[in-house]
Structures are given as structure tokens and as C-alpha cells.
Amino acid sequence: MKPNFSWRLRIFNLNCRGIPYLSKHRGDRMKRLGDLLNMESFDLALLEEVWSEQDFQRLRQKLLPAYPAAHYFRSGVIGSGLCVFSKHPIQEFTQHVYTLNGYPYMIHHGDWFCGKAVGLLVLHLSGLVLNAYVTHLHAEYNRQKDVYLTHRVAQAWELAQFIHHTSKKADVVLLCGDLNLHPKDLGCRLLKECTGLHDAYHETRDFKGSEEGCTMVPENCYVSQRELEPFPFGIRIDYVLYKAVSGFYISCKTLRTTTGHDPHSGTPLSDHEALMATLCVRHSPPQHTPDPTQGPAERSRLISVLKEAWTELDLGVAQARWWATFAGYVIGLGLLLLALLCALAAGGGVREVAILLWTPSVGVLLGAGAVYLFHMQEAKGLSRARAELQHVLGRAREAQDLGLESQPALLLGQQEGDGAEEQ
């Protein structure tokens, strides 16, 4: 590779809101999305909520000349909704389905049936190895009473671990997607602290788009205005995150968002705003002073977020075990009731009543059994994530006592030389 190597990457990300039969103007929006992608000719287009594989196939046919490589990530009952279109050949791809993803009995939310996941594709660009990740975390339906907070924190931790274990041979790491996390939310802070990823919105000096970089704004006609009432400018839950390793340096030259409408036709492409970033990767960065965050302040920040995440997961484990115990009691009572009904039916005294109550009793027993099995699985999944966090937290405290520097690299095995070029 030449010493003066540099590469310019144009990235597009959008949550498409492509729910068959439910999303308004889905076909028209997908058509206009294809037109926009062909017109702009990005290096990578990473999409979420393309729930219909037919929509993906239509986009693929339309985008084939400009984006010869594409992949649709399949998982769950409905699908992950994740897909990618690339101007460059895809060398490898894989995916990881999150262990915890909501509750099957919350049918009206539907996240459990989707199989939320993170998809990975590996590109080789003139000797540069790029790992690009696309993901969609569990939705937040009620910010005041968020019953899915623990699951999103666990997903953020799994995502950080997946990136860590799959990016060791990468020169550049890129993560795009709908995290369903506000910038200061626990899951978002945990992900950034544990991976060292940089937020394009904070890093770029050339930003044009919605106020405060929001990706769901009141001006968008597909957005629920009631949900955005506490946020006059909107919310920012979609991200372009990146980092360079192995001596490469990366910067975000420009970042654009749509502002409640299609930049060409005026009608929104989705209820989310699109993100369009231009990244510049260089082999030899200009001289600059060491990052002042590689010190005690960074170590303290990492330990703080790990402790906060551990506490949240611990609460989740306790709650999951409570529900499993409750379901266990219901199973026990159900078995006693069935035994009583069998005795009554055999006696013949109230046989008709016993037979009438038999079916609902069996239904309650089977339902309680399903709840017990699910929450036991949830408790084990949360316990696993909590144990991993406990281990990393212990190492962080040891390193703090020893006064070691570059904390995230030491704890999570990141390669030296990570950094973002100064703008």
C-alpha cells in the first residue's frame, strides 16, 4: 500500500419503515429511495426496516448497475429488516441475532418476531480492509416506563462485543443503523466507550440537516407528533459511527441529513431521516497532539458506564427471575387444579363442570409454562451479559489502581493506533 494512501467513502443510512400492509406509501417511497441512491451513487447504502424481501429484490434490480453487490440479512419470523447495497465487491458477510429482543406475548410491538440483529460485511478497498456493520436495536415505546431498557442495554453490550471480536483484522470499522438510543442514553454511552467508535455528527465540521442532527423530526408527516411532544426539535436515534485502527486515520468531512422531506421530490422517504456521510481514510495522518482523553478521565468514564450497565442488567435479572418464579407457582396451582378436576370427573358428582373447566385449565397451564421457559431464558441471557460486564469492570478497576492508560484498548483488546483525524 502506498504511504500517501487515502480513500473517500460516501455512506448512506436510512430506516425505511417498510412494514407490509401497514406503512403508508411504502411502494412509492421504496421507488423514490432507489432513484435517490442511483442519482447519488454512494459507496455503501445500509438500510433498516426493509421487512419485505420483495422490496429488497425490487431495489436490487433497480440498483444493480450502480450497486452490483447486495445482501439481505434474514432472521426471526418476519426478518431482521437489514440489507446493504455496495458499489464494491463484498468479500465476506455474516450476522449475529441478539439473544434478547423483547417479549413474545407483546404481540402489538412485534420486535420479538423480527429477530433484531447486526449484519457485517467485509470490503477490501485497494488493500484497505473495511468492516461495515448495520444494526437495528429494540424500539423504545414509552420513555417514562421503558420495559425494554434492559434488553436494549444487553443488545448494546452484545453489539460492542461482536464488533470487538470480528474487527481484529480490519483497518476501518463503520457502524450504521437505528440504535433506538438517544446520544446520552446508557446503551449508547456503553457502546461508544467499549468500542472507541466516533460519532460522525460530533466529529464533522461540515454538517447540514435537521436541528441538532435529529433523525426523527416534527416536520415529517409520517412521524407521530404525540411521541415527539417532549422533544421540540425531534430525536436523534440513527447514527454513523466509525474508527480507524492499525495506523490508519479517519475523519468525517461532511454529514447531511434529510429534513422531513425527500431532497428531490419533497415527500419524506420514511418517518426517519436519511444520513449521508463522507468519510476520508488516510494512511499517514498529520502531526497532532495525543488525545487528552487517554487518561484518568477516560478510565473513570468507562468504569462509570460499566457500573451503570451492570446495575441495569442486575435489575433485569431479578425481574426475569421473579416472573419465572411467579409462572412456576401458577404451574403448580394449575397441576393441582387439574388433579382436582380429574378426581371430580371420576367421582361423577359434578362431572359436567369438571369437563367444562378442563380446557381453560390446560390452556392456563401451557401459557404459564411458556412464560416460565421464556423468562428463565431471559434470566440466563442477562446473567451472561452481566458476568461479562463484571469481568471487564474488574479489569478496569485493576488498571485504574495500576494507573495504566488507554483503558478501552487494554480492556477490550483493541489494536493500538486507533484514532480519528483532527478536523
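About the criteria used
- Residues numbered from 1 in each chain as written.
- Predicted model: local features only at pLDDT ≥ 70, side-chain atom pairs only at ≥ 80, totals over all residues.
- Heavy atoms only, no water.
- Core = buried A, V, L, I, M, F, W, Y, C linked by side-chain atoms within 4.5 Å.
- Buried < 20%, exposed > 50% of the residue type's maximum accessible area, 1.4 Å probe, protein only.
- Helix = DSSP H or I, 4+ residues; strand = E, 2+ residues; numbered from the N terminus.
- Contact = heavy atoms within 4.5 Å.
- Pairing = 2+ DSSP bridges.
- Axes fitted to C-alpha atoms, helices over the stretch in contact; angles between N-to-C directions.
- pLDDT = per-residue confidence, 0-100.
- Patch = residues over 30% accessible without salt bridge, like charges linked within 9 Å, V, L, I, M, F, W, Y side chains within 5 Å.
- Areas by Shrake-Rupley, 256 points an atom, 1.4 Å probe, with all protein chains shown as cover.
- Salt bridge = Lys/Arg side-chain N within 4 Å of Asp/Glu carboxyl O.

A. Examining the nonpolar core more closely. Residues Y133, W157, L159, L175, L179, L190 and L306 are the most contacted members of the largest nonpolar core, which totals 41 residues. Listing elements by their share of this core, those giving two or more residues are β6 (117–125), β7 (128–136), α4 (149–166), β8 (172–178), α5 (186–195), β11 (238–244), α7 (296–347) and α8 (351–402). Ignoring sequence-local partners within four residues, the contact set of L179 consists of T135, L137, R152, L159, L191, I237, Y239 and L241. Counting residues in each nonpolar core, the second largest holds 30 residues, with V134, V172, L174 and V240 among its members.

B. Region of interest: the sheet that holds strand β3 (residues 69–73). Sheet architecture is open: 7 strands sit in the order β3-β4-β2-β1-β13-β12-β10, paired in mixed fashion. Two strands bound the open sheet, and with one partner strand each, they are β3 and β10 (207–208). In the sheet, strand β1 (residues 6–18) pairs with strand β13 (residues 275–282) via 8 bridges, with the strands oriented antiparallel. In the sheet register, S6 faces β13, and the bridge partner there is R282. Strands in contact with helix α1 (residues 26–40) are β1 and β2 (44–50); relative to β1, the strand with the most contacts, it is inclined by about 175°.

C. View of the sheet that holds strand β9 (residues 198–199). One open sheet holds the 6 strands; their spatial order is β5-β6-β7-β8-β11-β9, and the pairing between them is mixed. Looking along the sheet, the strands with just one partner apiece sit at the ends: β5 (90–97) and β9. Relative to β11, β8 is paired through 7 bridges, and the arrangement is antiparallel. When the sheet's bridge partners are listed, V172 is paired in β11 with A244. In the packing of α5 onto the sheet, the strands contacted are β8, β9 and β11, and the crossing angle to β11 comes to about 10°.

D. Seen up close, the confidence of the model for the protein. Residues with a pLDDT of 70 or more make up 88% of the protein, whose mean pLDDT is 89. Note that pLDDT drops below 50 for residues 287–293; the model gives that stretch 4 contacts with residues more than four away or on any other chain.

E. Broad picture of a nonpolar patch on the surface. On the surface, W322, W323 and F326 cluster together to form a nonpolar patch covering roughly 350 Å² of accessible area. Secondary-structure assignment places F326 in helix α7.

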